[in-house]
Amino acid sequence: MALSDFLAQLEQLAVEAQAAFDSAADSDALEAARIDFVGAKQGRLKAAQKGMGQVDGPDKPAAGKKFNEVKQAVEAAFEAAKQRLSDGAATQASAQRFDPTLPGHLPRVGHTHPITQTIADMKEIMGRLGFAAVEGPEIEDEWHNFEALNIPLVHPARDPLDNFYLAAAQAGGNDTLLLRSQTSTVQIRVMEQTPPPVRIISLGRVYRPDTADDTHYPMFHQIEGLLVAPGVTMADLKSVLRMFCQSYFGEQDVHIRFRPSFFPFTEPSVEVDMSWQAGWMEMGGAGMVDPNVLRAVGYDADEVTGFAFGLGVERICMRRHGITDIRNLYTNDVRFLEQF
Ligand code: DAH
């Protein structure tokens, strides 16, 4: 056979093999094409190889060279087709795994409320100082909200105009109940349950019938702190509050100032200010737990002393973030909330 005929046959074979592999739509079609072209017994490549024997002797090297080129090209076309089909199968399988009933991934639309953030920060800071966070009920009896806190029946703080009393019948009992007006209630609840030493904070809502304005709201949050142990002094109170403020406001040079005050449940009592932008910012009340309170919960007032404090969460949060109106925290305007 003339070399040129042989080469033309090979060319033809290469073109047809390429077309067959390219058009194989599934693995069965590909397998059929494979057997047809590269099958070990009757494949057309095999036949072409045999045909090489009929090429004239001096032309054999050129024929062999071309044969090897075509063989490689045909095998490569087969491998490419195999890859194409297996890629397709993978995509198809993953398309089948897609479950369109699953909820989609929304961009972040919610934010943690600034008060919730403040509460979390406060718990974290006080936790590092060894104070465990405890909770108490928002509906209280008079014993925990007043009596045990040394606020007797005749005290003006118990005035119905200053408290949200709940009708006794509505509450289903004889005890008068009210929405707690202070978190100091939790001091009593904890000390009734636990012998000293006690080292807790309690964060939560309190309620007072105040008219809302830029600094008042009928519901707000307090952080209450209580440490009772032998030998506790006001110096401990001041150190703890200073460390708390340093951590929360992230300033090293924070000063705490006490101004004499009065609370029925502490003696002596103070108002607490912290240094703030060349002035002072009022944070809340504090003092040494009144021995009457210690006795009311069955503690030995000669054995232990304690300090307590109650600070306004909103006020502290507002100072930190430069919020000028407390009502912003509760009107749920997304344009305000999404800044936090
Ligand atoms: N309960 C007080 C209030 O609501 C704040 C307070 C003052 C809490 C002194 C304390 C304290 O624990 O020792 O205004």
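Bear in mind that the values here come from a model prediction, so they are computed numbers and not experimental data.

Trainee: An account of the domain arrangement of the protein is requested, with residue identities and associated values reported.
Mentor: Domain boundaries assigned for the protein yield domain 1 (3–97) and domain 2 (114–337). One C-alpha centre belongs to domain 1, the other to domain 2; they are set 85 Å apart.

Trainee: Can you tell me about the nonpolar core, naming the residues and giving the values?
Mentor: Most often, soluble globular proteins have nonpolar side chains that are buried together. If you look at the biggest cluster of nonpolar residues, it comprises 45 residues, and the most contacted ones within it are Ile-223, Phe-244, Met-274, Phe-307, Phe-309 and Ile-316. With 7 residues, helix H9 (residues 234–249) is the single largest residue contributor to this core.

Trainee: I'd like to hear about the packing of aromatic side chains, residue by residue, with values.
Mentor: In this structure the tally under the stated criterion is 8 aromatic pairs. Pairing Phe-263 with Phe-265 gives two aromatic rings, centres 5.8 Å apart and planes at 25°, and the pair type is stacked. Relative to Phe-309, the ring of Phe-307 has its centre 6.4 Å away and its plane inclined at 25°; by these criteria the two rings are stacked. The class of Phe-307 is buried, set by a relative accessible area of 0%. Phe-309 sits in the buried class, given a relative accessible area of 2%. Taken together, Phe-21, Phe-37 and Phe-78 form an aromatic cluster joined through their ring pairs. Between Arg-199 and the ring centre of Phe-131, over which it is positioned, the NZ or CZ distance is 5.6 Å. We note Lys-238 situated over the ring of Phe-258; from NZ or CZ to the ring centre the distance is 5.2 Å.

Trainee: Explain the pairing of strand S8 (residues 266–276) to me, using residue names and the numbers behind them.
Mentor: In terms of burial, S8 is largely enclosed, as 9 of its 11 residues are buried. The pairing of strand S7 (residues 256–263) with S8 spans 7 bridges and is antiparallel. Each bridged residue has a counterpart across the sheet, and for Phe-263 the counterpart in S8 is Thr-266. Hairpin connection between S7 and S8: a loop of 2 residues separates the two successive antiparallel strands. Pairing of S8 with strand S9 (residues 279–289) involves 9 bridges; the strand directions are antiparallel. Residue pairing for S9: Thr-266 is matched across the bridge by Val-289. Adjacent in sequence and paired antiparallel, S8 and S9 are bridged by 2 residues, among which Gln-277 carries a positive phi angle near 45°.

Trainee: Give a description of the pattern of salt bridges that names residues and reports values.
Mentor: Within this structure, the stated rule accounts for 18 salt bridges. Across the salt bridge formed by Asp-121 and Arg-320, the nearest N and O atoms sit 3.6 Å from each other. One end of the pair, Asp-121, is in helix H5 (residues 114–128); the other, Arg-320, is in helix H11 (residues 313–321), and 199 residues separate them in sequence. With a closest N to O distance of 3.3 Å, Glu-142 and Arg-158 form a salt bridge. Taken together, the positions of Glu-142 in helix H6 (residues 142–145) and Arg-158 in the loop between H6 and strand S3 (164–166) put the pair 16 residues apart, joining distant regions of the chain. On the basis of relative accessibility, which here comes to 6%, the residue Arg-158 falls in the buried class. Among the ionic contacts, a cluster of salt bridges with common partners joins Arg-257, Arg-259, Asp-273 and Glu-282.

Calculation notes
Residues numbered from 1 in each chain as written. Predicted model: local features only at pLDDT ≥ 70, side-chain atom pairs only at ≥ 80, totals over all residues. Heavy atoms only, no water. Domains from an automatic or database assignment. Core = buried A, V, L, I, M, F, W, Y, C linked by side-chain atoms within 4.5 Å. Buried < 20%, exposed > 50% of the residue type's maximum accessible area, 1.4 Å probe, protein only. Helix = DSSP H or I, 4+ residues; strand = E, 2+ residues; numbered from the N terminus. Phe/Tyr/Trp six-rings, centres within 6.5 Å; stacked < 30°, edge-to-face > 60°. Lys NZ or Arg CZ within 6 Å of the ring centre and 35° of its normal. Pairing = 2+ DSSP bridges. Salt bridge = Lys/Arg side-chain N within 4 Å of Asp/Glu carboxyl O.

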